[in-house]
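This is what each chain is made of:
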Amino acid sequence: MDTREVFVSPLTEGANNAYDLISSTDEPGPKKTFEIYHLVKRGKQHVHVGSVLAATPQQAMSEAKKQFNSGKVIYNVWAIASEAIRFTTSEEKELWVTLPDKKFRDASDYKGGDKLKEFLERNQSQP
Amino acid sequence: MNNLALKELLYKLADDQLILGHRNSEWTGFGPILEEDIAFSSMAQDKIGQSLALYTLLQSLGESDPDTVAFTRNASQFHNCILVELPNQEYDFSLIRHFLFDTAEALRFEALTNSSYEPLSQLARKIRGELRYHTLHANTWIKQLGSATEESITRLQKSLDIALPYALGIFELSSLEKELIDQKIFIGENALKEKWIAKIESVLSQTQLRLPDWKTVTPVYGGREGKHSEHLQPLLDEMSEVFRIDPGAEW
Amino acid sequence: MYGGGNTFEGIKTDGLALEDPVKLAEFEARIARGEKIEPTDWMPQLYRKQLIRMIEQHAHSEIIGALPEGTWITRAPGFKRKMSLMAKVQDEVGHAQLLYSAAETLGKSREQMIDDLINGKSKYSNIFNYPTFTWADCCFISWLVDAGAIVNQLANAKGSYGPYCRALDRICAEESFHLKYGHHCVIYLASGTATQRQMFQEALNRWWPPMMHFFGPSDKISAHTEVLMRWKVKMGTNDEMRNQFLDMYVPKIWELGFTIPDPNLKKNESGKWEYTEPDWEEFKRVINGDGPCNKERLEVRRVAEARGKWVREALKTPKTEYVTPLA
Ligand SMILES: [Fe+2]
Ligand SMILES: [Fe+2]
Ligand SMILES: [Fe+2]
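Cut-offs used in this document
Residues numbered from 1 in each chain as written. Chains lettered and ligands numbered in written order. Predicted model: local features only at pLDDT ≥ 70, side-chain atom pairs only at ≥ 80, totals over all residues. Heavy atoms only, no water. Contact = heavy atoms within 4.5 Å. Buried area = accessible area lost by both parts, 1.4 Å probe. Salt bridge = Lys/Arg side-chain N within 4 Å of Asp/Glu carboxyl O. Polar contact = N/O pair within 3.5 Å; in protein donor to acceptor, adjacent residues only side chain to side chain. Nonpolar A, V, L, I, M, F, W, Y, C, P; charged D, E, K, R; others polar. Core = buried A, V, L, I, M, F, W, Y, C linked by side-chain atoms within 4.5 Å. Buried < 20%, exposed > 50% of the residue type's maximum accessible area, 1.4 Å probe, protein only. Helix = DSSP H or I, 4+ residues; strand = E, 2+ residues; numbered from the N terminus. Phe/Tyr/Trp six-rings, centres within 6.5 Å; stacked < 30°, edge-to-face > 60°. Lys NZ or Arg CZ within 6 Å of the ring centre and 35° of its normal.

1. Section: the interface of chain A and chain B
A common way to express how large an interface is: the accessible area buried when the components associate. At the junction of the two partners, chain A supplies eleven residues and chain B supplies ten residues. For the chain A and chain B pair, buried surface summed over both sides reaches about 910 Å², with 45% attributable to carbon and sulfur atoms. Summed over the three residues of chain A that lose the most area to chain B, namely E94, L95 and T98 of chain A, the buried surface amounts to 50% of that side. Run the count over chain A and chain B and you get five salt bridges. Our enumeration of links across chain A and chain B arrives at five residue pairs in polar contact (both at pLDDT 80 or more). In terms of residue class, the side of chain A that touches chain B is built from three nonpolar, one polar and seven charged.

2. Some remarks on the nonpolar core
Most often, soluble globular proteins keep nonpolar side chains buried together rather than apart. Counting 191 residues, the largest nonpolar core has W196 of chain B together with W135 of chain C as the members making the most contacts within it. By residue number, the principal contributor to this core is helix α5 (residues 135-156) of chain C, which donates 14 residues. Among all residues touching W135 of chain C, those that are not within four sequence positions of it are V242 and W251 of chain B together with W72, A76, P77, R81, L85, Y181, C185, L189 and M199 of chain C. Counting residues in hydrophobic clusters, the runner-up holds 15 residues, among them Y19, A54, F68 and V77 of chain A.

3. Details of the packing of aromatic side chains
One pass over the full model with this rule turns up 28 aromatic pairs over all chains. Here the aromatic rings of Y37 of chain A and W78 of chain A are separated by 6.4 Å at their centres, their planes lie at 55°, and the arrangement is tilted. Of the two residues, Y37 of chain A sits in strand β2 (residues 32-39) while W78 of chain A sits in strand β4 (residues 76-81), which places them 41 residues apart along the sequence. On the basis of relative accessible area, Y37 of chain A is assigned to the buried category, the value being 17%. According to the relative accessible area criterion, W78 of chain A is buried, its value standing at 14%. These aromatic residues form a ring-pair network of at least three members: W143, W208, F214, F215, F245 and Y249 of chain C. Above the face of the Y188 of chain C ring, K115 of chain A is positioned so that its terminal group lies 4.7 Å from the ring centre.

4. Description of the interface of chain C and chain B
Contact residues are listed per partner, giving 42 residues for chain C and 51 residues for chain B. Area buried by chain C at its contact with chain B is led by F79, Q90 and W310 of chain C, which between them contribute 21% of it. Linking chain C to chain B there are three salt bridges. The closest approach of N and O atoms between E241 of chain B and R75 of chain C, which form a salt bridge, is 3.4 Å.

Function cannot be inferred from these measures alone, as they are strictly geometric.
Next comes the structure, spelled out in structure tokens:
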């Protein structure tokens, strides 16, 4: 997906909620779905919170404010038309089935403790 | 079950995966864009992992352990097709080879999901997703570069023409072919080749690349019975350089 | 992998006077409160410039760093080592990709950055200008160079720029496998045959001086970086980082019975490590292009870029437009 498809709210800090800077709009026209993402902690990544129906990204923001503004401080909101996102199909999940078998990508696959212990003991027994 | 025919099949499958995995891994750090370094490395890891699984099956049939088999044989004892041992050359050749070989590989393992040799059909089902990724990658790139600029089309066409005789060498017949088919271990090279031709034609028809008349392409055989190009032995020497310092040592 | 401050030269702070003092004060207050700066936030020019430079150098270090280990992928002894090393070096290339994206959020494109690397305008970690003669050299990098990089990266992950911190969080998660893998390899060399032990001892002798250089010139002689520390661009002095590394890894090297080639290396009563002052003239010479492998490393990159040019051109058809990453 192109980053130009992402509609971005103002970015806030401290105790300021980004939703407070979003005005309510109602727009005519056919509606489509938008996916909504929140930034809840500065420095962390945006997280998907749900989707809304709207005619424009501005209206999607305004809808998100109604549905997802729980009073908790949100620093930034993204709205992305669902159709702009390429979702993984259930068939494609097959691509990752062997991932759990790739243990060599995990630190826990490198237990050198026994070898090290054996080595240290062998060394100590030598004068 | 005919062990000899089965072992021969497993050896050629395993050797193909190991050698092409090795070639793919040579792209790490040299790719045309970072994303391709990473993709070729993923495919190398898959292929070498698959070869390990196949050598492990062979071990269960009485052959030596995978490290010994992979790191101590010489070229004449390898059964890979010559296509996979050819040097990477420029990216166009690597990509064409990847497309031609991995299409055959995916169809081969698809057929093997029905193998009467249960451990092999199990493995074939398990790695289906990995192979799907490889063909997805190959087809995406072939379609893009095969219809993009004059240079990309000319390059791919040239590499295609060079690679095709070797690609037909994938399907070199074995004298034990009939046993494999009769015992429903594998559908056989001829049946595989037919499926492969259909698939290759369908993907390439979506590009500006041209296939020659198949009758005019003379297959390069020999790899399956250990007769290789001059490129395999140096590859193996490199692969075993450290291992050979002390084959008994643990590394 | 990467050494954090080591390629830092002095900086000019005169431009700061031209910044809006109110905005600058706000910006500094935010950083002091521990807040992260995001790409669309206001930031002083100098902050932007230094961050681009640092993240870019880090990214270059990852792709150049893939080369000395990468040449051992095809030679790794046995399936297990081969699989691990492939995955490890692939991660390093992935780190470069991630870091270039983080730097792009500040307005410089990946292509420009790679051009600057090839032109020699932009530096990368000095340590990758040394050759890997044997498998043990490769193991040294996987274990100890990555260990040094982790010391830097963990510190930098607490810095002030959001996209860089997030990239580092992911990178550090992968580094933990690299470190374990590297240590595992060295344990096997240590407890193996006499030849194997000797291989690693020789690698240690070769790599110790560049490893000491890795963290950059000592605080006594390095350029002042107070403003960068205040802005949490640089998270510790070179000597602090070096000391932390020594504290964590010297005991582990000694435990394996290897000799570190510095007779003066010891921990004093105050818990600080003492060592022979590294040869900073050599460091300067190598960083300015006169190391054993500088030419080779850049040449590889240059050739790869030149040979890949037609591919990148072909990817732009049908015409695509450059878009800056968002976060
Ligand atoms: Fe690493
Ligand atoms: Fe890294
Ligand atoms: Fe590293």
